[in-house]
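A closer look at the structure
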Amino acid sequence: MKYYSLSITTLTISLLCACGQQQQPVDMTGDSTTNTHSKYEIGRVAEKPLASYVKLPGQLKPFEEVNIYARVNGFIKEVLADRGTTVHKGQVLITLEAPELESQLQAATSKYVQAQENAVASKEKYRRLKEAASEAGAVAPLDLDNALSRMRADEAIVLSERSNVESMSNIKSYLTITAPFNGVIIQRNVSAGALVGPGSKSNDQPMLVLQHLEKLRLEVYIPEAYVDKVDLKSPVSFVFNAMPGQENKATISRSANALSSLRSEAIEIDINNHHLDLKPGMYAEVKIPLLSQAKSLLIPNNAIVRSTERQYVITVKEGKAMLVNIQEGLRTHDSTEVFGTLAGGDEILLHATDEIREGTVIK
């Protein structure tokens, strides 16, 4: 009997364990609990100063530069400057020779002398006729008028021939080519004996290239988005790529006050280069100060949607998606400056994709 009671007790415990391991009843009515959280992550546009300056590339340009060509046809007689030569204003660089110009000047001078002699004779003839006309009937009035006209015509011819001589003298002076300003010859393309001038094939390139290097221009292009934010009165700092670690400071000398075809405004910074340490063409990283009250629109980097056609963000207006085209500005590790029809506080989608269309309901 004891053995029988133990078996019944064991069986009862086994049945109870089996019932405890069964699954709970499943509700098949379809009223399962729905996740109330939105599947979209929403952020906001922040409006605040991004930085006190903007870094832009700059390039050194000579303060003055000129390509020197021959103004008249002729042969090069002597080249008195070469690449690297330091020259001064008015210094002779090249002399040309053109025998035909000498002949033309001599011919013009002869005509001028002849015209002077004719004018002197006409004047003397008119003087004598006028003296003779003091006696009644000695000289016909018509002869006196003709003498006066002739005298005036000869004087006009003298003026014309004198102008011709001066013109030929000026043309002859073009045979001597001088430096228009102080500088350094950076390029030479001709040698003695070469035919140069407007009518020669060699006129496609300059004989010499002269640059003023004791003063340089650091040229920087300001993007359109920053044109109204640049502080033109504050000093700028810059570091040349060829001289890392050497920070320089200067003030903005001038601005173009107009946008170029690249939608940017050129500014220039004058730099003294008395020791010729800096070379035109060198690049620099320039820190352009921004106005203190200038604020930027910042959005998280993951909110920008980029495609082959455009870049945009998706804003949320009245619970619906709206696509807004933007242009990117400065970029930090977690945010990007943008330009577009946005305002501070606007709601935008984070981790947005191009699968979201205009008007999509955002829950």
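Since this is a predicted model, take the numbers as computed values, not measurements. (Residues numbered from 1 in each chain as written. Predicted model: local features only at pLDDT ≥ 70, side-chain atom pairs only at ≥ 80, totals over all residues. Heavy atoms only, no water.)

A separate point is the packing of helix α2 (residues 99–132) against helix α3 (residues 141–173). Packing of α2 against α3 brings their axes to within 8 Å, and their N-to-C directions diverge by 160°. In terms of their interaxial angle, α2 and α3 are classed as roughly antiparallel. Seen from above, α2 lies across α3 with left-handed handedness. Among the residues forming the contact of α2 with α3, the class breakdown is 17 nonpolar, seven polar and eleven charged. (Axes fitted to C-alpha atoms, helices over the stretch in contact; angles between N-to-C directions. Helix = DSSP H or I, 4+ residues; strand = E, 2+ residues; numbered from the N terminus. Parallel < 35°, antiparallel > 145°, perpendicular 65-115°, else oblique. Left-handed = near helix turned anticlockwise from the far one by under 90°. Nonpolar A, V, L, I, M, F, W, Y, C, P; charged D, E, K, R; others polar.)

The next point concerns the nonpolar core. Side chains of a nonpolar character, in soluble globular proteins, are inclined to be buried together. In terms of nonpolar packing, the biggest core is built from 30 residues, with I76, L93, I94, L96 and M207 touching the most fellow members. Within the residue set of this core, elements represented by two or more residues are β4 (74–79), β6 (92–97), α2, α3 and β10 (208–223). The leading source of residues in this core is α2, at six residues. Leave out the neighbours within four places in its chain, and L96 touches A70, V72, F75, I76, K77, Y174, L175, I177 and V196. In terms of nonpolar packing, the next biggest core, distinct from the first, is built from 25 residues, V184, L216, V220 and I252 among them. (Core = buried A, V, L, I, M, F, W, Y, C linked by side-chain atoms within 4.5 Å. Buried < 20%, exposed > 50% of the residue type's maximum accessible area, 1.4 Å probe, protein only. Contact = heavy atoms within 4.5 Å.)

A word on the pattern of salt bridges. Taken as a whole and judged by the stated rule, the model has 17 salt bridges. With a closest N to O distance of 3.1 Å, R188 and D82 form a salt bridge. Here D82 lies in the loop between β4 and β5 (86–87) and R188 lies in strand β8 (residues 183–188), a separation of 106 residues in the sequence. The network of salt bridges with shared partners includes K215, R217, R254, E268 and D270. (Salt bridge = Lys/Arg side-chain N within 4 Å of Asp/Glu carboxyl O.)

Residue pairs three or four apart in sequence face the same way in an α-helix, which turns once every 3.6 residues. Between its terminal C-alpha atoms α3 stretches 49 Å, which fits the 48 Å expected from 33 residues at 1.5 Å a residue. All buried positions along α3 are accounted for by L144, A147, L148, M151, D154, V158, E161, V165 and M168. Packing partners of the buried residues in α3 comprise α2. (Expected span 1.5 Å × (residues − 1).)

The next subject is the sheet that holds strand β9 (residues 195–196). With antiparallel pairing, the four strands of this open sheet are ordered in space as β7-β6-β4-β9. Both outer strands of the open sheet, β7 (176–178) and β9, are each paired with one neighbouring strand and no more. Here β4 runs beside β6; their pairing, made up of four bridges, is antiparallel. Considered in β6, the bridge of E78 is made with T95. (Pairing = 2+ DSSP bridges.)

It is worth spelling out the side chain of S122 at this point. Of note, S122 is situated in helix α2. For S122, a relative accessible area of 10% puts it in the buried group. Aside from chain neighbours lying at most four places away, what touches S122 is R150, M151 and D154.

This part takes up the environment of R127. With respect to the helices, strands and loops of the structure, R127 is situated in helix α2. For R127, a relative accessible area of 38% puts it in the partly exposed group. Polar side-chain contacts of R127 include one of 2.7 Å to the side chain of E131. (Polar contact = N/O pair within 3.5 Å; in protein donor to acceptor, adjacent residues only side chain to side chain.)

Another aspect to go through is the packing of aromatic side chains. On inspection of all chains with the given rule, the structure shows two aromatic pairs. Centroid distance Y226 to F339: 6.0 Å. Interplanar angle 85°. Geometry classified as edge-to-face. Of the two residues, Y226 sits in the loop between β10 and β11 (236–240) while F339 sits in strand β20 (residues 335–340), which places them 113 residues apart along the sequence. Overall, Y226 belongs to the buried group, its relative accessible area being 5%. The interplanar angle of 75° and the centroid separation of 5.5 Å between the aromatic rings of F238 and F240 together place this pair among those described as edge-to-face. Given a relative accessible area of 3%, F238 falls into the buried group. If you follow R71 out to its NZ or CZ, it ends over the ring of Y174, 4.0 Å from the centre. Taking the ring centre of F63 as reference, the NZ or CZ of R217 above it sits at 4.2 Å. (Phe/Tyr/Trp six-rings, centres within 6.5 Å; stacked < 30°, edge-to-face > 60°. Lys NZ or Arg CZ within 6 Å of the ring centre and 35° of its normal.)

The terminal C-alpha atoms of α2, which comprises 34 residues, lie 50 Å apart, in line with the 50 Å expected from a rise of 1.5 Å per residue. Of all the residues in α2, the buried ones are L101, L105, A108, Y112, A115, A119, S122 and Y126. Close packing links the buried residues of α2 with α3.

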